[in-house]
Structures are given as C-alpha cells and as structure tokens.
Amino acid sequence: MARLGVNIDHVATIRQARGGAEPDPVAAAAIAELAGADGITIHLREDRRHIQDRDLRLLRQTIKTRLNLEMAATDEMVSIALSVKPDMCTLVPEKRQELTTEGGLDVRLHLDAIRGAVQKLQDGGLIVSLFIDPDTDQIKAADKSGADYIEIHTGAFAEASDWKAEQEELKKIENAIKLAGKLGLGVNAGHGLNYSNIRKVAALGGIEEYNIGHSIISKAVLVGLDRAVRDMVDLVKYS
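Residues numbered from 1 in each chain as written. Predicted model: local features only at pLDDT ≥ 70, side-chain atom pairs only at ≥ 80, totals over all residues. Heavy atoms only, no water.

Caption draft 1: Inspection of the overall build of the protein chain at higher detail. Scanning the protein chain from N- to C-terminus turns up 11 helices and eight strands. Seen along its three principal axes, the alpha-carbon backbone of the protein chain occupies a region of about 45 × 40 × 35 Å. Of all 239 residues assigned to the protein chain, the portion counted as buried reaches 52%. When contacts within the protein chain are restricted to residue pairs at least 6 apart in sequence, long-range pairs at least 24 apart make up 67% of them. Within the protein chain, the 36 negative side-chain charges are centred at a point lying 2 Å from the centre of the 30 positive side-chain charges. (Helix = DSSP H or I, 4+ residues; strand = E, 2+ residues; numbered from the N terminus. Buried < 20%, exposed > 50% of the residue type's maximum accessible area, 1.4 Å probe, protein only. Contact = heavy atoms within 4.5 Å. Lys, Arg positive; Asp, Glu negative; His and termini not counted. Charge placed at Lys NZ, Arg CZ, Asp CG, Glu CD.)

Caption draft 2: Spatial organisation of the UniProt feature "binding site: 3-amino-2-oxopropyl phosphate" in the protein chain. The residues that UniProt annotates with the feature "binding site: 3-amino-2-oxopropyl phosphate" are Asn7, Arg18, Gly192, Gly213 and His214. In three dimensions, the annotated residues from a span of 208 residues occupy distinct locations, with a maximal C-alpha spread of 25.9 Å. Looking at the secondary structure, you find Asn7 in strand 1 (residues 3-7). For Asn7, the side chain forms a polar contact with the main-chain nitrogen of Asp9, separated by 2.8 Å. Relative to the elements of secondary structure, Gly213 occurs in the loop between strand 8 (209-212) and helix 10 (214-223). For Gly213, a relative accessible area of 11% corresponds to the buried category. The contacts of Gly213, once residues within four sequence positions are left out, are Asn7 and His10. (UniProt positions renumbered as here; feature names shortened; annotations may be inferred. Polar contact = N/O pair within 3.5 Å; in protein donor to acceptor, adjacent residues only side chain to side chain.)

Caption draft 3: Region of interest: the UniProt feature "active site" in the protein chain. With numbering aligned to this structure, UniProt lists the feature "active site" at His43, Glu70 and His191. Judged by maximum C-alpha separation, these annotated positions cover 149 residues in sequence but sit close together in space, the widest gap being only 12.8 Å. As for its position among the elements, His43 is in strand 2 (residues 39-43). Residue His43 is classed as buried on the basis of its relative accessible area of 2%. Mapped onto the elements, His191 comes out in the loop between strand 7 (186-190) and helix 9 (198-202).

Caption draft 4: Representation of the sheet that holds strand 4 (residues 88-91) in the model. Around the barrel, eight strands lie side by side as 1-2-3-4-5-6-7-8; this closed barrel has parallel pairing. Pairs of neighbouring strands in the sheet enclose a mean axial angle of 25 degrees, with direction left out of account. Sheet strands touched by helix 11 (residues 225-238): strand 1 and strand 8. Its angle to strand 1, the strand with the most contacts, is close to 145 degrees. (Pairing = 2+ DSSP bridges. Axes fitted to C-alpha atoms, helices over the stretch in contact; angles between N-to-C directions.)

Caption draft 5: Quick peek at the packing of aromatic side chains. Taken as a whole and assessed by the stated rule, the structure comprises zero aromatic pairs. In this arrangement the basic side chain of Lys219 is found over the ring face of Tyr195, its NZ or CZ atom lying 4.3 Å from the centre. (Phe/Tyr/Trp six-rings, centres within 6.5 Å; stacked < 30°, edge-to-face > 60°. Lys NZ or Arg CZ within 6 Å of the ring centre and 35° of its normal.)

Caption draft 6: How the structure looks around the side chain of Glu151. Within the fold, Glu151 resides in strand 6 (residues 149-153). Notably, Glu151 is buried but unbridged: the nearest opposite-charge side chain belongs to Arg66, and the N-O separation is 9.4 Å. Setting aside anything within four residues of it in sequence, one finds Glu151 in contact with Asn68, Glu70, Thr90, Ser129, Leu130, Phe131, Ile132, Asn188, Ala189, Gly190 and Asn211. (Salt bridge = Lys/Arg side-chain N within 4 Å of Asp/Glu carboxyl O.)

Caption draft 7: Structural context of the pairing of strand 2. Counting buried residues along strand 2, five of its five residues qualify, which places the element largely inside the surrounding structure. By the bridge criterion, four bridges tie strand 2 to strand 3 (residues 67-71) in an arrangement that is parallel. Bridge pairing in strand 3 places His43 opposite Glu70. You can see the chain leave strand 2, run along helix 3 (residues 53-62) and come back into strand 3, and the turn it takes is right-handed. (Right-handed = clockwise from strand over helix to strand, strands pointing away.)

Caption draft 8: Layout of helix 3. Those residues of helix 3 not exposed but buried are Asp55, Leu56 and Leu59. The buried residues of helix 3 all sit within an arc of 100 degrees when viewed along its axis, so they share a single face. Summarising the contacts, the buried residues of helix 3 are in contact with helix 1 (9-18), helix 2 (25-34), strand 2, strand 3 and helix 4 (75-84). (Arc of directions from axis to C-beta.)

Caption draft 9: Broad picture of the packing of helix 5 (residues 111-123) against helix 6 (residues 136-145). Two elements in contact, helix 5 and helix 6, have axes whose closest approach is 9 Å; the angle formed by their N-to-C orientations is 45 degrees. Put simply, helix 5 runs oblique to helix 6. Crossing of helix 5 over helix 6 shows right-handed handedness. For the pair formed by helix 5 and helix 6, the contact residues are Leu111, Ile114, Arg115 and Val118 on the first element and Ala141, Lys144 and Ser145 on the second. Split by residue class, the contact of helix 5 with helix 6 holds four nonpolar, one polar and two charged. (Parallel < 35°, antiparallel > 145°, perpendicular 65-115°, else oblique. Left-handed = near helix turned anticlockwise from the far one by under 90°. Nonpolar A, V, L, I, M, F, W, Y, C, P; charged D, E, K, R; others polar.)

Given below as structure tokens:
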C-alpha cells in the first residue's frame, strides 16, 4: 500500500505573505498526521521564501511519522540536513526565479556533484532520493550516484494537454518505475498530482510514496485540512 507525504510548503507561503506567525506549518503538520498522512514533506529553499529554519527544527522535534526534506545539493543544505537528520533527503533542482520546481534534476550533467552530496548525506546516516524526470538516462545516472530512491517528476503528466499526451506521459512513468525497480532503487512520485489525476498514476503500482502539496492545501482552504488530507489518503491507498 502506497504512502502519502503531505507537502506543507504552501502553508508557510501564506504565513510569509503577511510576515507574521499564522498559519503555522508545524500545526498543519500535526493535523495532517492525525488525518492519516504517512509523512510530511518540506522544501527549505536557499532564499527561504516559505519554509524557515525554525520550521525545520520544530518539525523534526514534533513529527511522529516521517520528515522528507527537499533541498538543493549545496554545501549549506547538506550541512543543515546532517545536523537536523530528516528521515529522507530529496535532492531537487532550484532556481530563485521559479514559482515552483519546474523539472527534475539533471543527474547526468551534474553526476559528480550529486554523487558527492549523496555520499555525504549517506555517511551521516540519511536516506537520499533524487527528484528526476521519468527518463531512462536520468534513472541510470541516479543509480550511478548511489542514491537510495528516485522521486519521479510527474509534472509533464499532470500538465498534458490531451488524452494522447497524457497516455504517453503515463507510459514514461510506468517505464521509469520498472527500470528503477530493476536497478534496486526505491520509487516515489510527485508534482502536479491532484484529486482528479492521482488514480491514473496509482493504478500503475510500484510507487512507494506520493508527495502532494498544492492540491491538498488548495482544497483545505475550502473544506479544512483534516478533510483534504483524508480524501487524498483514500485515493492514494485505496484506488
């Protein structure tokens, strides 16, 4: 049965819009866990646009499930991860001008640097995942990096303009799951997944955890976070 990791970055985004203390992502994480989330995901960006160092420290102390820290493969972030000790580190690409992560890591191009970051994190006892597109060469490079997991970037599937394009992207995801499995890599998935499209990906099988944020927080604005998480848990686990 697949797990659901709830990304609470957007809770922090709302807080930062006013520069105050509300809403608190730490409180949101507790509600998400009580509603059935199997883990909490946050992205500590270099520019600290939403999640803050304070949030990371408190979440590490209070989360009862699993903490997945999305981070750039920089010396600063590696040092923070080694100090805080999340349950998983997911290395992601990061551009200061982007609204959200726009694509997967280019592991092939930056293999040496990524391999170095992976090794440092693993030497510190951490599990490492790489956020990559469902591309054969990138998966093989992820394997060469020594990472434990990949997280398949599902954005192209979520943004497909028609049924044919959607099916093509689903096939890429399916092939990525199979190849990663053959190489001994664990498989997670995320980006752009919502209440309407999650069933199609879940039907493929082979994915251990889905990391979903924007859709859940968007629904929570209308129906509450507890209900929004419970509804997504039902789709992830019982589709």
